[in-house]
Each structure stands twice: as C-alpha cells, then as structure tokens.
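These are the residues of each chain, in order.
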Amino acid sequence: MSRPDHAPIPSTRERTRRHSWVRVFVPVALILVWLIGAGLGGPLFGKVDEVSSNDQTSYLPESADATQVQELLGEFTESDAIPAIAVFVGDSELTDAELETIADAVADAPSIEGVSADVSPALTSDDGRAVQAFIPIDGDAELADAVAALGDELRSAAPDGVAVYITGPAGFSADLVAGFAGIDGLLLGVALLAVLVILVLVYRSFLLPVVVLSTSLFALCVALLVVWWLAKFEVLLLSGQTQGILFILVIGAATDYALLFVARFREELRVSQDKGAAVLAAWKGSFEPIVASGGTVIAGLLCLLLSDLKSNSTLGPVAAIGIVFAMLAALTLLPALLLLFGRAVFWPRRPKFEPEVVAEEHGMRTTGLWARLAGLITKRPRAIWVVTTLVLLTGAAGVLQLNAVGVPQSDLVLGASEARDGQVALGEHFPGGSGSPVSVVVAEDRLQEAADVLLANDGVDGVTVTSADSPSGSATVTADGITPVGPPGTPAPEPTVVDGEVLLQGTLTDAADSDAAAATVRDLRVELQGTDALVGGVTATAVDTNDASIHDRTLIIPVVLVVIMVILMMLLRSILAPVLLILTTVLSFGTAMGVSALVFNGVFDFPGADPAVPLYGFVFLVALGIDYNIFLMTRVREESLQHGTREGVLRGLSITGGVITSAGLVLAATFAALSVIPILFLVQLAFIVAFGVLLDTFVVRSLLVPALAYDLGKVIWWPSKLWRRGRD
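Residues numbered from 1 in each chain as written. Predicted model: local features only at pLDDT ≥ 70, side-chain atom pairs only at ≥ 80, totals over all residues. Heavy atoms only, no water.

Enquirer: Explain the packing of helix 7 (residues 207–232) against helix 11 (residues 315–341) to me, please; I cannot follow it from the model alone.
Expert: Angle between the axes and distance between the axes are the two parameters that describe a pair of packed helices. Where helix 7 meets helix 11, the closest approach of the two axes is 8 Å, and the angle between their N-to-C directions is 145°. Relative to helix 11, the crossing made by helix 7 is right-handed. Contacts from Leu207, Val211, Ser214, Thr215, Phe218, Ala219, Val222, Ala223, Val226, Val227 and Leu230 in helix 7 reach Val318, Ile321, Gly322, Phe325, Ala326, Ala329, Ala330, Leu333, Leu334, Leu337 and Phe341 in helix 11. In terms of residue class, the contact of helix 7 with helix 11 is built from 19 nonpolar, 3 polar and no charged. (Axes fitted to C-alpha atoms, helices over the stretch in contact; angles between N-to-C directions. Helix = DSSP H or I, 4+ residues; strand = E, 2+ residues; numbered from the N terminus. Left-handed = near helix turned anticlockwise from the far one by under 90°. Contact = heavy atoms within 4.5 Å. Nonpolar A, V, L, I, M, F, W, Y, C, P; charged D, E, K, R; others polar.)

What follows is the structure, given as structure tokens:
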C-alpha cells in the first residue's frame, strides 16, 4: 500500500537527527525538573526547626494519662509556658545580702526576652547554701535562646562565688535543641564527605562521585521539600530525631541504588559502544532490584504506622517519602546524567569496549578477590556456612546484656550539660523532684482523698493545689486541708476548678528522671484508681513513653518480618529462599545487637538505651540489610536461569561482590555520621546500623548466603519452576 504524498518516508539522516535530539532533550528535561525541585527544597534545610517539635508529650497517644494531663495544664495555669528552674549554689551558707541580690535578680528576670512574667519567689534550701526559683519561658519563644539569655543574665547579677544553673524542663529541652543544632550543617557535611571519600577510593574517578552525590543530594532536597510542607500543614509530626534519620537514610539509600545502576552501566559499556543502549540496558537490569529493594524498605518503614508512639509512627511515612525519591533519582536523574557524560563519567579509568574479552569470561570475572572467594565456596560450602553461623550466634549471645528499658532525661544529651549539672545541684539541696512535680487531675470533691494518697507515699515530699487566690499560684495541701497563706485568720484560698476538676502537684523526693521516681508514679496510679484521677508530669511522660515503646517493639518486629518475607517470595518466586534470607538477616541483626550491647556497656559505659533503639535498629538493619541479599539473589536467579543454580551462585557473587561491598561501605559511613550529633539515641543507632551493615556486607552476604545457597543447590528455589526444571 503506497503512502500518501503528504507523508513522505523520513530519510536515515532525519531519523538519526530526530533520535539524537530526543536523546539530548529528555535527559536535559529530567535534570531541569530535578534542579527546580532541589532549588525549592534546598533553602528549607535551615528552616526545619520551624515545623518540628522535640516535646516528648506530643509523641504519646492521646489516650495516655500524661497526654491528657498535659492538655489540661494550660487550662489550669492559663499559660503554655515551659518551666525553667534557676539554681544558685554558694560555697558556704548564703548571707542575707547575697540572698537579697539573688531575689532581685530573679524578680528582674521577666525583663529578659522570652521569659514569662509569672516568676515565683526564690526559695532557700534548709542548709542555707542554695536558692531555687521557678522562671517560666514563654511557649512561643525561641527556647534555646531564651534559656541562654536567662542564664547569662542571672550569672552576671549573682554574687561572686555563687554558681548559677538553668535546669528543669526548659533547661533539658534547650539541651536537646542545642544537640540537634548540627543536623542541617555538620551531619550532612560529614555524611557527604564520607561518601565522597569512599567513592573516590573505590572508583578512582573524579566526575563519577560528583554525579552519584548529586543524585543523592537532589533526592534529599526534593524529599525535604515534600516532608517540610506536610509538617507545615500538620499532616506529619517532625522532630530533630526524625530529621536526622531522614537525611542519613536518603543519602545512603540513593547512593546505594546509584552504585547498583553505575555497575550495570559499566558492564554494558564493555559490550556496547552506544552509550544510549548501555544506559537503557542498565536501566532494565537495575529496575527490578532497585524497586524491590526500595519497596522492601518502604514496607518495613510503613509498619511503624502501627506504633502507639507518634515519634515512631510518623518516622515511617517521613522516611518512606525519602526512599521514594531516592529510587526516583536513581532511575531518572542518574540515567540522564550518565547519558550526557557517557564513558567520560569514569575518567580517568574509562571502561573499554571489549566484547571479545567479555565473551571469553562468559560474563564472570575469573580473577580477583570475588573470583577467589567463589572458588573457596565451591570447595567447602557447608563448612563455611556452618562455621559462620556459629560465630554469629556467639556474637548474638551478647544481646542478653542489652539494657533497653529507658534512660534518664538528663542522659539523653552526651557531653557537657548545664541542665544535668543543675539537676545534680538541685538534688543536693532540695527534694530531688523539685521543679518537675507529678501532676494529678482529680474531681473537686475528691481533692482531699487524692491529696492524702500523695502525702502517704514516701516518694512524695509535699503537695500543692493550683489556686488563683494564692500569691504563688498554688497553695499547700496537708492532711488537714488547704493551708492558708498569710497572717493568722487568713481564709484558705479556693482551688482553681476546670470542668469540675482540680490540679494537684506533688514534689517528688527523687530526681524526676530516676527509676525511683518512675516507680513512685506507677504506685500512685495504682493507689489512685478509686478516685478516677489522671497522673501526668515529666516522670509520667517518660513512663508512658517507655511503655509505648516496648509495646511497639513487641508488635512491629514480627509484622516487619512477615511483610518483607512476602515481598521476597513474590520477587524470587520461591518460598525457601526468602525464609533463609530472612533467617540470615535476623541472625545478623542479633549479632549486631549483641556486639553493640557489649560495646555500650564495656567501652562507652552508656547508662542504658531507649526501648525504641532495638526497634529502630531492627527496622533499618532488616529492611536495609535485606537490600544486599536482594541485589545478590536477583542476580543469582538471573544467572541460574541460564547456567544452573550452583554456577549462578558463583556468577552472582563474583559479579555483584564489588558493587555490594561499595554500597555497604557507603551506607555504614552515612549512618556512622549520625554519631556527630551528641544525642544518646542517635549515637547508639549509628553504631548498631553501621556495624550491622558491615557485618551483613562482609560476612552474611559474602560468605553465609552464597555458601548456603551453593550447598542446597536448586532446592533453594522450591517450589518454583526453577526448582522443578532447573539444574544444580
């Protein structure tokens, strides 16, 4: 059938020109789209604190007693201020003149920007050597700046020889803010520098590391853009902890995916002179493992939505968004950049076009470390996986030493802490729980009954009730009722009543973040059950947080295992292989936790760990650790379809060994960068994940999994067609 005159057949030159134009336009358009997204997200790095919160109470479920009490506190006090405690300590008993100077300094505190006018009078300790004052910080003030300014002002006004500390909830919150201050700059800089050094050493190239890091950084910028606006509209809850994990996770995952793609691209350049064909072939070969790997991580992270703690449940979608953009960048931006640069991206070690050499190798390297390791596995596969398993089990035994039942608030920040020093000084001269009382909301007609319970508990030093009639805003409650303030005959102040309820506050005899204080709160909740009272406060918040973390850990870990196993079964079309991969990954996790416990206790002398540390370590190590098994086993399956299972195992190991090792080093380095933030939780998580990734990279994926798969042969694919029809 002849073509109409108006549709001439394009010439070869025209088709070539059109094809070349498309090759240039598409990658340039993709790069511009990512550049615009990064341009919008980049400026938000310094503004994350505008949409984030580090208030522990906001992470608790709404049903928790501490949450309900926290919501009611503002109605009783008509203020959202955060209490700070100023502690003045002298070398000897303070003189009247010194006490008067301190009182004047406290009275002038409201003149400082960010300090509330509701300052309580200074109280002198029984030994006369210390003074404490409750100085609230406005809820809308820049907390760290206000606390620092208050401390500087009081120190300058204090008498010579008198030490001044700012502690209490405001002081510890300011410590956390200061601890997270390096996330935008220091953390990101250290992580990127570590990745850059590794990439330069591995590839001995100057341009390729820049291309890979650009892919990771653009993915992070766009992910931050989305997360920032979701937090702005209160769709997600963002904290400094979540922010740090997001940064590290995106940089590490995007770099890993990019390295997998680059390795495929380099393979294809050896058999193809056309860089476009090489990019397309690399994209086809990388798509399934990258999507499977990212999907596994996302599925594991979204299991955190089952958490009672909002700090856990919101991390899931925040980190999942980061992984989505890490995958998109590796499958769109990176191919576009490689298409533009071609072989030049590897300069000065450009891959040669050598199809005849590849044909002689039959697609598998016959020299080098991984070829030698493959040869070793062929000789003694069973001995290798049995010995490796026994060594890992020995390391996992250390998990019995892990103390993950919570840590005091004063130990959350590593290094020097004015708030911690202030709490120690406070405990030496006043009841340990001064400034962080246990708060009890109870019906007005049961006020005295609840007060009697508090007064009868050895862990409570005294009880007050919120009252607008009292000069200090609260009046003392004794077994005889509310004690009047003023000269004899002064009528007892009326308690503040909100919806028929009153607020009692008990001063704890022990430090608010101590185990003894936590035990007191638990006892009070049992003893007050008959009064329908709600028990909250700083200590109660810590108790409820630890309980919720333990619940989350028990629930989520099994769910993550099941979800990831189902994904692996669909990917590998097998049942036995995914089960074995999950078991090896869990064993690797157990060893990482066991060794970490021994290091935390014996080397770093940490006071313990948050209950969420094992949960986070599990989610990241299992979800990310399974990535390398996916990279390996998808290639093993691909090779097994052509060469048989045992030959496929050796080929998969020798082909992917270099890239997976590089990816493991990069991911370990990025998570290790978390340790530059002086927050105990992040330092512990950094060690666990970094060590676990290295263990998984160099031991589990290099020895245990290949040796086990080689020993089992084609049965590992049971019950798929490859098991029934394949060969060993």
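Enquirer: Sorry, what's going on with the environment of Ile31 here?
Expert: In this structure, Ile31 sits in helix 1 (residues 12–41). For Ile31 and Leu337, which are 306 residues apart along the polypeptide, the C-alpha to C-alpha distance reads 7.6 Å. When near neighbours in sequence (up to four residues on either side) are disregarded, Ile31 contacts Leu333, Ala336, Leu337 and Leu340.

Enquirer: Just to check I follow, could you spell out the packing of aromatic side chains for this structure?
Expert: Aromatic ring pairs are reported here in terms of the distance separating the ring centres and the angle at which the planes meet. Inspection of the entire model under this criterion finds 15 aromatic pairs. Geometrically, the ring pair formed by Phe206 and Trp347 is tilted, given 6.0 Å between the ring centres and 40° between the ring planes. Taken together, the residues span a long stretch of sequence, with Phe206 in the loop between helix 6 (183–203) and helix 7 and Trp347 in the loop between helix 11 and helix 12 (355–361) at a distance of 141 residues. Take Phe206: its relative accessible area is 54%, and that puts it in the exposed class. Lying over the aromatic face of Tyr710, Arg646 brings its terminal NZ or CZ to 5.6 Å of the ring centre. (Phe/Tyr/Trp six-rings, centres within 6.5 Å; stacked < 30°, edge-to-face > 60°. Buried < 20%, exposed > 50% of the residue type's maximum accessible area, 1.4 Å probe, protein only. Lys NZ or Arg CZ within 6 Å of the ring centre and 35° of its normal.)

Enquirer: Just checking my understanding: could you explain the environment of Leu72 for this structure?
Expert: With respect to the element layout, Leu72 can be found in helix 2 (residues 65–77). A relative accessible area of 17% means that Leu72 is categorised as buried. Placed 255 residues apart in sequence, Leu72 and Met327 show a C-alpha to C-alpha distance of 44 Å. Once residues lying within four places of it in the same chain are set aside, the contact partners of Leu72 are Val441 and Glu501.

Enquirer: Could you clarify how one ought to interpret the sheet that holds strand 9 (residues 501–508) in this entry?
Expert: The pairing of strands in a sheet happens through backbone hydrogen bonds and is either parallel or antiparallel. Sheet architecture is open: 6 strands sit in the order 8-7-6-9-5-10, paired in antiparallel fashion. Each end of this open sheet is capped by a strand with a single partner; those strands are strand 8 (481–482) and strand 10 (534–537). The sheet contact formed by strand 5 (residues 438–443) and strand 10 spans 4 bridges and is antiparallel. Bridging from a neighbouring strand, Val440 pairs with Val535 of strand 10. Each of strand 5, strand 6 (460–466), strand 7 (474–478), strand 8 and strand 9 touches helix 16 (residues 447–456); the most contacted strand, strand 7, lies at about 75° to it. (Pairing = 2+ DSSP bridges.)

Enquirer: What is the right way to look at the nonpolar core in this model?
Expert: Where a protein is soluble and globular, its nonpolar side chains tend to be buried together. Among the nonpolar cores identified, the biggest contains 164 residues, and Tyr257, Leu301, Tyr616, Phe620, Met633 and Phe671 are the most heavily contacted of them. Ranked by size, the runner-up nonpolar core spans 28 residues in total, among them Leu447, Val460, Val477 and Ala533. (Core = buried A, V, L, I, M, F, W, Y, C linked by side-chain atoms within 4.5 Å.)

Enquirer: Sorry if this is basic, but what is going on with the packing of helix 13 (residues 369–379) against helix 22 (residues 680–712) here?
Expert: Running from amino to carboxyl end, helix 13 crosses helix 22 at an angle of 40°, the nearest separation of the two axes being 10 Å. Overall, the two elements helix 13 and helix 22 adopt an arrangement that is oblique. Seen from above, helix 13 lies across helix 22 with right-handed handedness. Residues Trp370, Leu373, Ile377 and Thr378 of helix 13 touch helix 22, and the partners they reach there are Arg701, Ser702, Leu703, Pro706, Ala707 and Tyr710. Grouping the constituent residues of the contact of helix 13 with helix 22 by class yields 7 nonpolar, 2 polar and 1 charged. (Parallel < 35°, antiparallel > 145°, perpendicular 65-115°, else oblique.)

Enquirer: Explanation requested: helix 4 (residues 143–157) in the structure shown.
Expert: Spanning 15 residues, helix 4 covers 21 Å between terminal C-alpha atoms, matching the ideal 21 Å at 1.5 Å per step. Its buried side turned inward, helix 4 meets strand 1 (82–90), helix 3 (96–107), strand 3 (130–137), strand 4 (162–167) and helix 5 (168–179). (Expected span 1.5 Å × (residues − 1).)

Enquirer: Help me understand unusual backbone geometry in this model?
Expert: Glycine aside, residues mostly have negative phi, and peptide bonds are mostly found in the trans state. Residues Trp347 and Pro348 are joined by a peptide bond in cis, for which omega reads 10°. Of note, the amide linkage connecting Trp718 to Pro719 takes the cis form, showing an omega dihedral of 5°. On the secondary structure map, Pro719 appears in the loop between helix 22 and helix 23 (721–725). Residues other than glycine seldom take positive phi values, yet Arg204 does so here, at roughly 50°. For Arg204, the position within the fold is in the loop between helix 6 and helix 7. Backbone geometry places Arg573, a non-glycine residue, at a positive phi of 55°. Tracing the sequence through the fold places Arg573 in the loop between helix 18 (538–572) and helix 19 (576–602).

Enquirer: Would you mind going over the pattern of salt bridges with me for this structure?
Expert: For side chains of opposite charge, pairing can occur when their charged atoms come near one another. Tallied over the entire structure, the rule returns 12 salt bridges. Here Glu418 ties to Arg155 by a salt bridge, and the two come within 3.1 Å at their closest N and O atoms. Here Arg155 lies in helix 4 and Glu418 lies in helix 15 (residues 418–429), a separation of 263 residues in the sequence. Taken together, the shared-partner salt bridges in this structure form one network comprising Asp65, Arg525 and Asp544. (Salt bridge = Lys/Arg side-chain N within 4 Å of Asp/Glu carboxyl O.)

Enquirer: Would you explain the sheet that holds strand 1 in this entry?
Expert: The sheet built from 4 strands is open, its strands ordered 2-3-1-4 with antiparallel pairing. Bordering the open sheet on either side are strand 2 (123–124) and strand 4, each of which pairs with just one other strand. With 6 bridges joining them, strand 1 and strand 4 adopt antiparallel strand pairing. If you follow Val87 over to strand 4, its bridge partner there is Tyr165. Here helix 15 sits on the sheet and contacts strand 1, strand 3 and strand 4; the angle it forms with strand 4, its principal contact strand, is near 110°.

Geometric values such as these leave the question of function open.
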